[in-house]
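Given next are the chains, with one letter for each unit.
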Amino acid sequence: MSSTLQGKHRIAGRWVASAAKSFESHNPARWDEIVGVFPLGTVEDANNAVAAARAAYPAWRRTSRIRRAELFDNLAQLVKRDTDSLAQLMARECGKVVTECRAEVVEGLHMIQYVFGTGRMPMGDVLASEVAEKDAFMRRKPWGVAAVITPWNFPFAVPLWMLGPSLNEGNTAVFKPSEDTPAIAQRMMELFEEAGFPPGVVNLVHGDHVAGEALVKNPDVNIVLFTGSYDVGHRIQQLSADFYDRIVACEMGSKSAVIVCEDARLDLAVTAGVVSAFKTSGQRCVSAGRILVAEKIMDKYAEQFVATVKRLKIGDPLDASHFTGPVIHQGAVEKVEQYNELARKEKADILLAGGRMNGGAHGKGCFLSPFVYRQEAKPGIRTVREEVFGPHLALIPFENNEDAVRIYNDVEYGLSMAVITEDYRAMRWFRDECEYGMGYVNLPCIGAEVHLPFGGVKKSGNGHPSAAGLIETVTHKTAWTVNHATEIKMAQGLTTDIAKV
Ligand code: NAD
């Protein structure tokens, strides 16, 4: 059994053991294994971290943008050095299979590399002026202090999607990771320290909603960058409404979908569906909770889909041969089981009964096998509309492509969508008519890359895409105009002739 980490907050460049209560993080595959013990952040801890970020802000903002970016180059080297150990720790703490954790560390690395690259790229525009003697610029400025509040399911990449652009553009930050994955956050902060980020530029407060809400309520926080569930994101938006200049970026839940058209290549469509629905045990924000299938091929598709799902290897996340591991905790097991039960009550046609895996090594952890059912997208059917966030999937028939769009859009979320078709007209139809942030053709509806915007619409996001897209949120654009003449000439023919006024 691996050693137990002793975590601390990191505030103003010091590792701080809070006097308050502590909490444990567990291995979801073997619940009796404690990964680490961490201080449960209080309102005071959160406020101290904001004060540290505020104090560090002026010097950090005045630091050369290129120098700031170079610290990310240092960080990239450290992440490369530690890729495997980070992946192992992540697999132990969040239950994702180690190959998937490695891919997530690499995704975090890509974000760091992207951010480093932008250090020497333009940070604004040079524009023309109506007056020949004037030079006009659009220049970006940081906002100040960012609160970065993140979920457990991408404990390395998602924080870096937000911390990377924020810090690179000159903001300072307080990072509040999920209470389910504090160990990986702790390791990340150690790497920021080793990379040479000055004290107070990036602070870490462990804990739950208490620390999270304290950050949101602190008037010295200029931007809140949140990724997590809709309910929490909505609460954060409400709490922030009292701050007149508060920027709140919320990336939230989904009921993402794969749409399998009548002309789809069946093998490709099955692989895309299985990966979309059950990779990470259905616990990606973009996981497909629905696969919409053309009625004419539904029977054939369902048969091949279920046969493939039955072959998936589910087990210890540290064993790279497994397709997926456990869900995050017992609460998640219970939530998925309630939705499986609801599907039965809603008279779904159950194709694979799924549920709790209690035998052998599975019995020590939070393992669930996939639940697959066929259901019509009728009004009032909750299972085909609500986010379950686990291995629970509906196969939904549709008559034609117009019908598919109607069913796809008939949910409150709009995050990710994939369409499987050989017909270029159909691709365009779905691209233009479906409501989503990330769209894919002949691919699963998972698998983002950092240089593309990542965000959704409706209850999935409020229009501030993350990763590379976040530069628009963490800076404000200023107009800067300089006159090189010895007299004043105004745009629009406006006179400056004071004597005639
Ligand atoms: P969650 O909403 O329960 O928690 C997210 C974070 O918010 C945690 O750090 C938590 O401590 C904090 N928090 C909880 N209550 C708070 C409050 N009142 N004020 C401030 N902070 C508070 O989410 P989770 O269970 O960790 O993650 C799963 C959810 O995240 C799913 O809904 C998933 O779809 C979503 N998600 C979305 C994206 C995206 O980019 N759209 C990415 C990953 C996950």
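Residue positions within a chain follow its written sequence, with the count starting from 1. pLDDT decides what is reported in this predicted model: residues at 70 or higher carry local features, side-chain atom pairs at 80 or more are listed and counted, and totals for whole chains, interfaces and linings draw on all residues regardless. Hydrogens and water are ignored here; the side-chain numbers use all heavy atoms of the structure.

Asks: For this particular structure, what's the right way to read helix α10 (residues 298–310)?
Replies: One turn of an α-helix holds 3.6 residues; hence residues three or four places apart share an orientation. Here a helix means four or more residues in a row that DSSP labels H or I, a strand means two or more in a row labelled E, and each is numbered from the N terminus. The span you would expect from a helix comes to 1.5 Å times its residue count less one. Its 13 residues place the ends of α10 18 Å apart at the C-alpha level, agreeing with the 18 Å of an ideal helix rising 1.5 Å per residue. Per-residue accessibility, obtained with a 1.4 Å probe over protein chains only, is compared with the maximum for each type, and a residue is labelled buried under 20%, exposed over 50%, and partly exposed between these values. Within α10 the residues assigned to the buried category are Met298, Tyr301, Ala302, Phe305, Val306, Thr308 and Val309. End-on view of α10: buried residues confined to an arc of 160°, all on one side of the axis. When the buried face of α10 is taken as reference, the exposed residues oriented beyond 90 degrees from it are Asp299, Lys300, Glu303 and Lys310. Arc, as used here, means the arc of the directions from the helix axis to the C-beta atoms.

Asks: Honestly, the site of the ligand in this entry has me stumped. Any pointers?
Replies: The near set for a molecule or strand comprises every residue that places at least one heavy atom within 4 Å of it. For the ligand, the set of nearby residues contains 27 residues, the closest of which are Lys176, Glu179, Ser229, Met252 and Glu387. Any pair of N or O atoms that falls within 3.5 Å is considered a polar contact. Within protein, one atom must be able to donate a hydrogen and the other to accept it, and sequence-neighbouring residues count only if both atoms are side-chain atoms. In this structure, a nitrogen atom belonging to the ligand sits 2.8 Å away from a side-chain N or O atom of Glu213. The contact in question runs from an oxygen atom of the ligand to an N or O atom on the side chain of Glu387, over 2.7 Å. Accessible areas in this description were obtained via Shrake-Rupley with a 1.4 Å probe; residue shielding takes into account the shown protein chains only. Summarising the interface, the protein chains cover 90% of the accessible area of the ligand, which totals 860 Å² for the free molecule. When residues of the shell around the ligand are assigned to their parent elements, the largest contribution, three residues, is made by helix α7 (residues 209–217). The residue classification treats Ala, Val, Leu, Ile, Met, Phe, Trp, Tyr, Cys and Pro as nonpolar and Asp, Glu, Lys and Arg as charged. All others, Gly included, are polar. Taken together, the residues of the shell around the ligand sort by class into 12 nonpolar, nine polar and six charged. For the shell around the ligand, the domains that each give at least three residues are domain 1 (8–252 + 461–480) and domain 2 (256–449). An automatic or database domain assignment supplies the start and end points of every domain.

Asks: I tried to follow the sheet that holds strand β22 (residues 438–441) on my own but got confused; where do I start?
Replies: In any sheet, the strands associate via hydrogen bonds between backbone groups, in a parallel or an antiparallel arrangement. With respect to topology, seven strands assemble into an open sheet ordered β15-β18-β19-β14-β13-β21-β22, the strand pairing being mixed. At either margin of the open sheet sits one strand with a lone partner, and together these are β15 (349–352) and β22. If you compare each strand with its neighbour and ignore which way they point, the axes differ by 20° on average. Only when DSSP finds a minimum of two bridges between them are two strands counted as paired. In the sheet, strand β13 (residues 256–260) pairs with strand β21 (residues 416–420) via four bridges, with the strands oriented parallel. Counted as the bridge partner of Ala257 is Met417 from β21. Note on geometry: axes are C-alpha line fits, over the in-contact stretch for helices, and angles between N-to-C directions span 0 to 180 degrees.

Asks: When you look at the sheet that holds strand β6 (residues 124–127) in this model, what are you seeing that I'm missing?
Replies: As summarised here, the arrangement of the three strands in space is β6-β7-β26, forming an open sheet in which the pairing is antiparallel. Every interior strand has two partners, whereas the edge strands, β6 and β26 (475–483), have only one. Averaged over all neighbouring strand pairs, the angle between strand axes comes to 20°, with direction disregarded. In the sheet, β6 pairs with strand β7 (residues 134–142) via four bridges, with the strands oriented antiparallel. Within β7, the residue paired with Gly124 across the bridge is Arg139.

Asks: Can you help me understand a nonpolar patch on the surface in this one?
Replies: The patch calculation keeps residues exceeding 30% relative accessible area without a salt bridge and links them within 9 Å when they carry like charges or within 5 Å when they are nonpolar (Val, Leu, Ile, Met, Phe, Trp, Tyr). Salt bridge, as applied in this entry: a Lys or Arg side-chain nitrogen positioned within 4 Å of an Asp or Glu carboxyl oxygen. Judged by side-chain polarity, Ile488, Met490 and Leu494 come together as a nonpolar surface patch covering roughly 290 Å² of accessible area. Structurally, Ile488 can be placed in the segment after β26. For Ile488, a relative accessible area of 54% puts it in the exposed group.

Asks: Got a minute to help me understand the side chain of Thr150 in this structure?
Replies: Mapped onto the fold, Thr150 is located in the loop between β8 (145–149) and α5 (157–168). For Thr150, a relative accessible area of 6% corresponds to the buried category. By definition, residues are in contact when any of their heavy atoms lie within 4.5 Å. What Thr150 contacts, discounting residues up to four positions off in sequence, is Val158, Pro159, Met162, Phe175, Lys176, Pro177, Ser178 and Thr227.

Asks: Before we go on, may I ask you to explain helix α6 (residues 182–195) in this structure?
Replies: The terminal C-alpha atoms of α6 lie 20 Å apart, and with 14 residues this matches the ideal 20 Å at 1.5 Å per residue to within 8%. The buried fraction of α6 amounts to 11 of the 14 residues, a majority that puts the element mostly inside the structure. The positive-phi residue at the C-terminal boundary of α6 is Gly196, with phi of around 100°.

Asks: Looking at this structure, I do not really get the packing of helix α2 (residues 65–81) against α5. What am I missing?
Replies: Working note: a packed helix pair is described by the angle between its axes plus the distance between those axes. Two elements in contact, α2 and α5, have axes whose closest approach is 9 Å; the angle formed by their N-to-C orientations is 150°. Judged on the interaxial angle alone, α5 and α2 are roughly antiparallel. Facing Arg65, Arg68, Ala69 and Phe72 of α2, the residues of α5 in contact are Leu163, Gly164, Leu167 and Asn168. For the contact of α2 with α5, a count of residues per class yields four nonpolar, two polar and two charged. Every angle not falling under 35 degrees, over 145, or within 65 to 115 is termed oblique; those three ranges are roughly parallel, roughly antiparallel and roughly perpendicular.

Asks: Is there a simple way to think about the packing of α7 against helix α8 (residues 230–240) in this case?
Replies: At a closest axis distance of 9 Å, the pairing of α7 and α8 adopts a crossing angle of 35°. By crossing handedness, the relation of α7 to α8 is classed as right-handed. Between α7 and α8, the contacting residues are Glu213, Val216 and Lys217 on the first element and Arg235, Ile236, Leu239 and Ser240 on the second. In terms of residue class, the contact of α7 with α8 is built from three nonpolar, one polar and three charged. Crossing handedness: left-handed means the near helix sits turned counterclockwise from the far one by under a right angle, and right-handed means the same turn made clockwise.

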